[in-house]
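# Understanding the architecture of this molecule
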Amino acid sequence: MKRVWLCCGILVAIFLFGIGWSAYLKSFSSEINELIDKAQQLAETRDPKTEEVIEELSGYWSDMASLAAYFESAQSLSGIGDAAAKIAYLYEKDNDEFFSECEVIRGGVDRIYRSNVPLLPNR
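Report follows, based on the coordinates.

Each value, and the rule that gives it
Residues numbered from 1 in each chain as written. Predicted model: local features only at pLDDT ≥ 70, side-chain atom pairs only at ≥ 80, totals over all residues. Heavy atoms only, no water. Axes fitted to C-alpha atoms, helices over the stretch in contact; angles between N-to-C directions. Helix = DSSP H or I, 4+ residues; strand = E, 2+ residues; numbered from the N terminus. Parallel < 35°, antiparallel > 145°, perpendicular 65-115°, else oblique. Left-handed = near helix turned anticlockwise from the far one by under 90°. Contact = heavy atoms within 4.5 Å. Expected span 1.5 Å × (residues − 1). Buried < 20%, exposed > 50% of the residue type's maximum accessible area, 1.4 Å probe, protein only. Arc of directions from axis to C-beta. Phe/Tyr/Trp six-rings, centres within 6.5 Å; stacked < 30°, edge-to-face > 60°. Lys NZ or Arg CZ within 6 Å of the ring centre and 35° of its normal. Core = buried A, V, L, I, M, F, W, Y, C linked by side-chain atoms within 4.5 Å.

Now for the packing of helix α2 (residues 50-68) against helix α3 (residues 74-92). Direction vectors running N to C along α2 and α3 enclose 165°, while the axes themselves pass 10 Å from each other. Between α2 and α3, the interaxial angle falls into the category roughly antiparallel. Once α2 is placed against α3, the crossing between them reads as left-handed. Within the contact between the two elements, α2 uses T50, E51, I54, L57, S58, W61, A65 and A68 and α3 uses L77, I80, G81, A84, I87, A88 and Y91.

Structure, rendered in structure tokens:
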């Protein structure tokens, strides 16, 4: 009977870990989307605070990437990491690719979130 309770405890722990990870990903996704929106709005007006927001965005992604590396494929993380590394340079050069790289980050984060949340297929 002890083995049954141990197995139930392990299953509950796995379930709770999955829920916690999904909640963390939702929080991360919304936070990074807010930072991207803020960076894009400031970049349109060439506000001096844009560089600070871009640094915050890159730092936030770096923190998440180090944690997500345990659970996600390197391919999905490297594309977002490359885009996050490019945005500061693109902003400095006043290149319109800045906005598309921000959307690459947004799309990649959304893909990570959606791949980890168990949803029924849309019908």
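The end-to-end C-alpha separation of helix α4 (residues 97-116) is 29 Å, in line with the 28 Å expected for 20 residues at 1.5 Å each. Buried residues of α4: F98, E101, C102, I105, R106, G108, V109 and I112, and no others. Taken down its axis, α4 places every buried residue within 160° of arc, on the same side. Relative to its buried face, α4 has exposed residues pointing more than 90 degrees away, namely R111, R114 and S115.

To describe a pair of aromatic rings, one takes the distance between the centres and the angle between the planes. Enumeration over the complete set of coordinates arrives at five aromatic pairs. Ring geometry for F28 and W61: centres 6.1 Å apart, planes at 40°, overall tilted. Of this pair, F28 sits in helix α1 (residues 2-44) while W61 sits in helix α2; the two residues are 33 residues apart in sequence, bridging distant segments of the chain. Among the residues examined, W61 registers a relative accessible area of 5% and is labelled buried. Their ring planes at 85° and their centres at 5.3 Å tell us that F98 and F99 sit as a pair that is edge-to-face. For F99, a relative accessible area of 26% corresponds to the partly exposed category. In this structure an aromatic cluster arises from ring pairing among F28, Y60 and W61. When the ring centre of Y91 is taken as origin, the NZ or CZ atom of R46, which lies over that ring, is 4.1 Å away.

The next thing to look at is the nonpolar core. Judged by nonpolar contacts, the single largest core of 28 residues is most densely connected at I32, W61, M64, I87, F98 and I105. At the level of elements, α1, α2, α3 and α4 are the ones that each hand at least two residues to this core. Of all the elements, α1 adds the most residues to this core, at nine residues. Not counting chain neighbours up to four residues away, the residues in contact with I105 comprise I32, I36, I80, A83, A84 and I87.

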